[in-house]
Amino acid sequence: MMKNEVKKNASYVLLIINVLVVILISSNLRSPIVAVAPVLSDVRDALKLDNFQVSLLTSIPLFMFAVCSVLVSRFSNKLGISKLLMYSLIILSFGLFLRITGSLWMLFLGSIFIGLGICIGNVVTPGYVKNNFPKQIGLMTGIFAVSMNLTAALASGFSVKIGEWTGFGWRGSLGIWLVIAALGFLVLILEFIFNKKNIDQPQTALSTSNFNMFRSSQAWNISIFMGLQSLFYYCMVAWLPSFLADYHMQGESSGWVLFVIQITMIPITFCCPIIASKMKDQRILILFICALMFGSTMMFVGFKSQWIYLNAVIIGISNGLSFSLSILFFSTRTKSSINAVKISGMAQSVGYLIAAFGPPIFGKLHDWDISWNTSFYFLSTAVLLMFYFGMKAARNKYVED
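Residues numbered from 1 in each chain as written. Predicted model: local features only at pLDDT ≥ 70, side-chain atom pairs only at ≥ 80, totals over all residues. Heavy atoms only, no water.

Visitor: Would you take a moment to explain the overall build of the chain for this structure?
Guide: Within the chain, the regular secondary structure consists of 17 helices and zero strands. A compact globule built from 401 residues would reach a C-alpha radius of gyration of about 21 Å, and the chain, at 20 Å, matches this within 12%. When the backbone C-alpha atoms are referred to their principal axes, the chain occupies close to 70 × 50 × 35 Å. Taking the intrachain contacts of the chain between residues at least 6 apart in sequence as the baseline, contacts between residues at least 24 apart amount to 85%. Side chains of the chain give 28 positive and 14 negative charges; the mean places of these two sets differ by 14 Å. (Helix = DSSP H or I, 4+ residues; strand = E, 2+ residues; numbered from the N terminus. Rg over C-alpha atoms; globule rule 2.2 N^0.38 Å. Contact = heavy atoms within 4.5 Å. Lys, Arg positive; Asp, Glu negative; His and termini not counted. Charge placed at Lys NZ, Arg CZ, Asp CG, Glu CD.)

Visitor: What exactly am I supposed to notice about empty space enclosed by the protein here?
Guide: Rolled over the atoms, a probe with the dimensions of a water molecule shows which regions are left empty. In the structure shown here, the tally under the stated rule is three cavities of 30 Å³ or more. Here the largest cavity is characterised by a volume of approximately 40 Å³. Lining of the largest cavity is provided by Val 36, Leu 40, Val 54, Ser 55, Leu 57, Thr 58, Ala 238 and Trp 239. Elements with a contribution of two residues or more to the lining of the largest cavity: helix H4 (51-79) and helix H11 (217-246). Examining the composition of the lining of the largest cavity, we find that four residues originate from one element, H4, more than from any other. (1 Å grid on protein atoms, 1.4 Å probe; cavity = no way out; pocket = protein on both sides within 12 Å on 5 of 7 lines; lining within 4 Å. Points joined across faces, edges and corners; volume = space filled by probe spheres on them.)

Visitor: Would you take a moment to explain the environment of Ala 356 for this structure?
Guide: Its place among the elements puts Ala 356 in helix H15 (residues 337-356). When its relative accessible area of 0% is taken as the criterion, Ala 356 is described as buried. In this structure Ala 356 touches Ser 59, Leu 62 and Phe 63, once residues within four positions along its chain are discounted. (Buried < 20%, exposed > 50% of the residue type's maximum accessible area, 1.4 Å probe, protein only.)

Visitor: Help me understand a nonpolar patch on the surface, please; the structure alone is not making it clear to me.
Guide: Together, Val 13, Ile 176, Val 179, Leu 183, Leu 186, Ile 189, Leu 190, Ile 193 and Phe 194 line one region of the surface with nonpolar side chains, adding up to about 720 Å² of accessible area. No other element matches the seven residues that helix H9 (residues 177-194) contributes to the nonpolar patch. Here Ile 189 shows up in helix H9. (Patch = residues over 30% accessible without salt bridge, like charges linked within 9 Å, V, L, I, M, F, W, Y side chains within 5 Å. Areas by Shrake-Rupley, 256 points an atom, 1.4 Å probe, with all protein chains shown as cover. Salt bridge = Lys/Arg side-chain N within 4 Å of Asp/Glu carboxyl O.)

Visitor: Is there a simple way to think about the nonpolar core in this case?
Guide: Nonpolar side chains in soluble globular proteins generally cluster together in the buried interior. Ranked by size, the top nonpolar core spans 123 residues in total, and within it Leu 325 and Phe 376 carry the most contacts. Ranked by residue count, the leading element in this core is H11, at 18 residues. When sequence neighbours within four positions are dropped, the list of residues in contact with Leu 325 reads Cys 272, Ala 276, Gln 282, Leu 285, Ile 286 and Ile 289. (Core = buried A, V, L, I, M, F, W, Y, C linked by side-chain atoms within 4.5 Å.)

Visitor: So what exactly am I meant to see when it comes to the side chain of Ser 344 here?
Guide: Positionally, Ser 344 belongs in helix H15. In this structure Ser 344 comes out as buried when scored by relative accessible area, which is 0%. Of note is the side chain of Ser 344, whose polar atom sits 2.9 Å from the backbone oxygen of Val 123. Non-local contacts of Ser 344, meaning those with residues more than four positions away in its chain, are made with Asn 122, Val 123, Pro 126 and Phe 330. (Polar contact = N/O pair within 3.5 Å; in protein donor to acceptor, adjacent residues only side chain to side chain.)

Visitor: What am I meant to see in the pattern of salt bridges here?
Guide: Opposite charge on two side chains permits pairing when their charged atoms draw close. Under the definition given, this model contains two salt bridges. Residue Glu 164 is joined to Lys 161 by a salt bridge in which the shortest nitrogen-to-oxygen separation is 3.8 Å. With Glu 164 and Lys 161 both in helix H7 (residues 137-166), this residue pair falls three residues apart, about one helical turn. A salt bridge links Arg 283 to Asp 281; the nearest nitrogen and oxygen atoms lie 2.9 Å apart.

Visitor: Would you explain the packing of aromatic side chains in this entry?
Guide: Each aromatic ring pair is described using two quantities: the centre-to-centre distance and the angle formed by the ring planes. Per the counting criterion, the structure on display carries 20 aromatic pairs. Judged by centre distance (5.3 Å) and plane angle (90°), the rings of Phe 243 and Phe 300 are edge-to-face. In this pair, Phe 243 sits in helix H11 while Phe 300 sits in helix H13 (residues 283-303), placing the two residues 57 residues apart along the sequence. Here the two residues Phe 243 and Phe 300 agree in accessibility, since each one is buried. Arranged with centres 5.3 Å apart and planes meeting at 75°, the rings of Phe 243 and Phe 376 form a pair that is edge-to-face. One end of the pair, Phe 243, is in helix H11; the other, Phe 376, is in helix H17 (residues 373-393), and 133 residues separate them in sequence. For the pair Phe 243 and Phe 376, one class covers both residues: buried. Taken together, the aromatic side chains of Trp 239, Phe 243, Tyr 247, Phe 300, Phe 362, Trp 372 and Phe 376 make up a single cluster linked through ring pairs. Note that Arg 30 overlies the ring of Tyr 233, its terminal NZ or CZ placed 3.9 Å from the centroid. (Phe/Tyr/Trp six-rings, centres within 6.5 Å; stacked < 30°, edge-to-face > 60°. Lys NZ or Arg CZ within 6 Å of the ring centre and 35° of its normal.)

Visitor: Please explain the side chain of Gln 218 as it appears in this structure.
Guide: By the element assignment, Gln 218 lies in helix H11. Within the structure, the side chain of Gln 218 is placed 3.1 Å from the backbone oxygen of Lys 397, a separation counted as a polar contact.

See below:
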């Protein structure tokens, strides 16, 4: 009886640890990138960056997602999910450290390592959720998305203040995320302690599959949808503060606009996977998402910085829905954990390759049209394409079919 009680308690502890892993890993997947925008002017002045170099701070991690996501999905079957998540945090921490050393080349090299670390976490976490919470995929996907967006909101709203509080300026704003990475690493160590079997036999964490995702039309629909919704989000993250500065909203205030976007996403990203996982298909959600996104781009064209907080709420709702739906597709459109990791790898490789071109094109169009209108027409075109592929991805069809 005593032995059974100990086993029961140990399983509860392991469950709590598994939830904490999801929370802390997801907390590291956006905030190191989002934290840059509010302090961008300080970084630009300190390191004498031009507009192209500024856009690289967002695009370099996205290119790393694109290049490495498929490779990560292949390694997951050999190394095991938890070990890959540990490597993710080690690489991310190294990148965060390099980025704040104060050298131009270290800034970009750090961005490369940050992109690689986040890439591993992005790809592997949906498989971790499917593997450890097979009956609570909607709930845990919601928790995953909420944690990601909550820390991104804090990064947006408090990035400038964190630099002031620490006394290290922009280096303090960007370096603080080392603490979150360290916490995630400690929790993963605890998981190894309570689940030694995964250390001794990591290959048993996932089944095997020879299925080629790149031959699946449904996998391509999900991947392109993922990419276009990410393109929309990262264009906003990279350039919205600069747009608002051109229309008389400076520094910390523009950071709070990003905060409103992120904080609006939190309840949406929690509820959407739970509701969407119970729907036969999600095409009505795609229609709603794309209508909001298209409307927000037209508001920027017509009203500029007027009604900006209302527009921020619209962006938060639409991006919250599109992002959580993308992540949910990885689990609900596959029949096994290994294929969930595979579609995650493909979707993020293809998707972030698409998204990586967003900020440079958006910025280059602004050089050509200083009113920013052409940049937002570019985004509205991306939304129309997103609608087409999203309607196909939302059908009740597995990638293996």
